[in-house]
Amino acid sequence: MTDLGCPAGSPICNPFLYIRQFLGGILGFLPDPLPTIILTVLAIAMITTLIALIVMSQVWAERRVVAFMQGRLGPNRVGPAGLLQSVADAIKLLAKEIIIPYQADRIPFMLAPLLVLVPSLMVWSVIPWGPGLSVTDLNVGVLFILGMGALPTIGILTAGWASGNKYSVLGGMRAAAQLISYEIPMVLVIAIPVLLAGSLSLGSIVEAQNGAWFVFWLPVGPIALLLFLMAGIAEVNRSPFDLPEAESEIVAGFHTEYSGMAFALFFLAEYANSFSVSAMATILFFGGWGGPFLPPFVWFFLKTYAVFFVMIWIRGTLPRLRYDQLMYVAWKVALPLALVTLGFAAIELTLRTAAV
Amino acid sequence: MLLPTDLLVAGGFYTFAALAIVGALGLVLSRKVFHNALFLTVVLGAVAGAYVVLGADFLAAVQILVYVGAIMVLIIFGIMLTPQNVDLPDIAGPGQAVAGTVVSIAIFIAAAGVLATSVWPRLTSTPIDVPTTQTIGLGLLTTYGLPFEIASVLLLLAMIGAIVVAREDV
């Protein structure tokens, strides 16, 4: 599926690789590691900027889609179809004052948003947008993403604790309990595409789905995808698993005391994380950048936004779970199901390879 | 002759090493339990960074996933469940401070002596080119199959033991 109508080497299909070669040629006169370093820094800057833009598009999409699902109009005043609303929000947040509460532990308080945001951005250094198109293709890419996905919990706990506010502490504890619980089914489910592809590198996993997407690997594919989406939504604290910031119970949870840009960083991290979960679902189950006629990175974004749309849909539809229900689902439903699915995937893979 | 890449590796390694030392000092010297936990996170993260520089990418990823992602979260969770304001009171008398200093200096001298006099094996051959994950996976399930299984059973026993201890109504 990868190269139908779009040869991998052609600059139209992969303009980024073309730009990289072009810049590499210009910087050729510099001594050995310098061009690589400069190009990597440029790639990092590009991806960071891109994520900020993606988050703005996500916020707009989420508000509009949820509004339409609930029979409302949503923001439609600023710019055509409210497109500039996110820009206005960003400017407002930048201009606001950051208030540090008297009770707060100042340094951890200001460090916490960074601890949450930086790992969320680091995930994007290994996510492949197209063939060979990631800042770096680690051969432990999947493990790296899992590790980076677990780091923000430390930031959330720090935010909750450093705020010196009981609701913040409760929000932080909820986040930690939730993340530990859903990390286990998440790891087990991610092991299934890894098993089928025989590699931990995200690029190889996408290439292994050249013939058929892993979601169509019946019967384990769809179940694994469902479990992955559930654990993913729980890990990024989105509704219906948004108990760490349930406003009807604990004000705004761990970010109750944050304002201005410090709050905006949490906000940015949350949407960057939901986009990474969508991207991971695309890579692990929907064949990543593979698809006919269109350039690979267009396919990647189409699929990722489609998965994100489903996440908005879920948010617009389902009510929030109660806390014990959340834990019950994680330990007594998701975990055994993930174990059984993983076992089935292993058996099926053995049978299929034996049959060939 | 040092290549520029070698310089980068050395620079990266010493940066992470320095970060780990600063973190360890903060961990020992800070008086707030929560700050101690954060400094421990710094140490573990810096060690993971050093692994990356040394080419042990699998180890680095697992270090982050297990130590920073799981164990540190549990430690911080434990701290938050204990009563607030656990800033350690100054209960140690002057005698304790003196004894503590003497013992730490003795341990430091012993450890530094061992580290300084031992001969460190140097990698003579070029590093293997196959992915580290593949080598580790094959090793765990073939050559080191028995130790791997024994470790698994031991961990399982520990987990069951923890559950038995924690559950009072059994």
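Residue numbers run consecutively from 1 along every chain, following the written order of its sequence. Key to labels: chains lettered from A, ligands numbered from 1, both in the order written. Residue-level local features of this predicted model are given only where pLDDT is at least 70; pairs of side-chain atoms are given and counted only at 80 or more, and the full residue set underlies all totals for whole chains, interfaces and linings. Working from all heavy atoms in the structure, the side-chain values ignore hydrogens and water.

Overview of the overall build of chain B
Thinking step 1. Within chain B, the regular secondary structure consists of six helices and zero strands.
Thinking step 2. Numbering goes from the N terminus for both helices and strands, where a helix is a DSSP run of H or I of at least four residues and a strand is a run of E of at least two. In chain B, the succession of helices and strands from N to C terminus is α-α-α-α-α-α.
Thinking step 3. Throughout this description, buried means an accessible area under 20% of the type-specific maximum (1.4 Å probe, protein chains only), exposed means over 50%, and partly exposed covers the range between. Here chain B, with 170 residues, has 20% of them falling under the buried criterion.
Thinking step 4. Pairs at least 24 residues apart make up 56% of the contacts formed inside chain B by residues separated by at least 6 positions. Residue contacts are counted whenever heavy atoms from the two residues lie within 4.5 Å of one another.

Points about the interface of chain B and chain A
Thinking step 1. Counting from both sides, the interface comprises 27 residues of chain B and, opposite them, 26 residues of chain A.
Thinking step 2. Summed over both partners, the accessible surface that disappears when two parts come together, traced with a 1.4 Å probe, is what is meant by buried area. Counting each side, the surface lost to burial between chain B and chain A is near 2300 Å², with a carbon and sulfur contribution of 83%.
Thinking step 3. Think of a polar contact as two N or O atoms within 3.5 Å of one another; within protein, one of them needs to be a possible hydrogen donor and the other a possible acceptor, and neighboring residues in sequence only count if both atoms come from side chains. Remark: the boundary between chain B and chain A carries zero residue pairs in polar contact (both at pLDDT 80 or more).
Thinking step 4. Those elements that provide at least two residues to the side of chain B that touches chain A are helix 1 (4-29), helix 2 (33-53), helix 3 (57-81) and helix 5 (132-141) of chain B.
Thinking step 5. With 15 residues, the single largest contributor to the side of chain B that touches chain A is helix 3 of chain B.
Thinking step 6. The nonpolar class holds Ala, Val, Leu, Ile, Met, Phe, Trp, Tyr, Cys and Pro. Asp, Glu, Lys and Arg form the charged class, and all remaining residues, Gly among them, are polar. Partitioned by chemical class, the residues of the side of chain B that touches chain A number 18 nonpolar, seven polar and two charged.

Things to note about the packing of aromatic side chains
Residues and elements named next belong to chain A.
Thinking step 1. Pairing of aromatic rings covers Phe, Tyr and Trp, the last counted by its six-membered ring, and requires centre-to-centre distances within 6.5 Å; plane angles under 30 degrees mean stacked, over 60 mean edge-to-face, and any other angle means tilted. A complete count under the given rule lists eight aromatic pairs over all chains for this structure.
Thinking step 2. Judged by centre distance (5.9 Å) and plane angle (55 degrees), the rings of Phe228 and Phe285 are tilted. Of this pair, Phe228 sits in helix 9 (residues 220-235) while Phe285 is found in helix 11 (residues 260-285), placing the two residues 57 residues apart along the sequence. The two residues Phe228 and Phe285 agree in class, both being buried.
Thinking step 3. Through a chain of ring-to-ring contacts, the aromatic side chains of Trp124, Phe275, Phe300, Phe301 and Tyr305 assemble into a single cluster.

Re the nonpolar core
All names here are of chain A.
Thinking step 1. Here, nonpolar core refers to any group of buried Ala, Val, Leu, Ile, Met, Phe, Trp, Tyr and Cys residues whose side-chain atoms link them within 4.5 Å. Formed by 111 residues in total, the largest nonpolar core has its most connected members in Trp124, Ile190, Phe228 and Phe285.
Thinking step 2. For this core, the element with the most residues is helix 11, which contributes 14 residues.
Thinking step 3. If sequence neighbours within four positions are ignored, Phe285 has contacts with Val189, Pro193, Gln209, Trp213, Phe214, Val215, Gly221, Ala224, Leu225, Phe228 and Met280.

With respect to helix 7 (residues 166-197) of chain A
All names here are of chain A.
Thinking step 1. Expected helix span is computed as 1.5 Å times (number of residues minus one). Over its 32 residues, helix 7 runs 46 Å from end to end, which matches the ideal 46 Å to within 8%, given 1.5 Å per residue.
Thinking step 2. Taking the largest bend as the criterion, helix 7 deviates by roughly 30 degrees, centred on Glu183, and proline Pro185 comes between one and four positions later.
Thinking step 3. Within helix 7, 23 of the 32 residues are buried, which leaves it mostly tucked inside the rest of the structure.
Thinking step 4. A positive backbone phi angle near 70 degrees is found at Gly198, which sits one or two residues after helix 7. In this analysis the local bend is the angle between axes fitted, respectively, to the seven residues ending at and the seven residues starting at the residue.

Quick look at the environment of Thr158 of chain A
Thinking step 1. With respect to the helices and strands, the residue Thr158 of chain A is situated in helix 6 (residues 152-162).
Thinking step 2. On a C-alpha basis, the gap between Thr158 of chain A and Ser120 of chain A in space is 16 Å, while along the polypeptide they are 38 residues apart.
Thinking step 3. If we skip the residues at most four places from it in the chain, Thr158 of chain A touches Pro108, Ala112 and Leu115 of chain A together with Phe34 and Leu38 of chain B.

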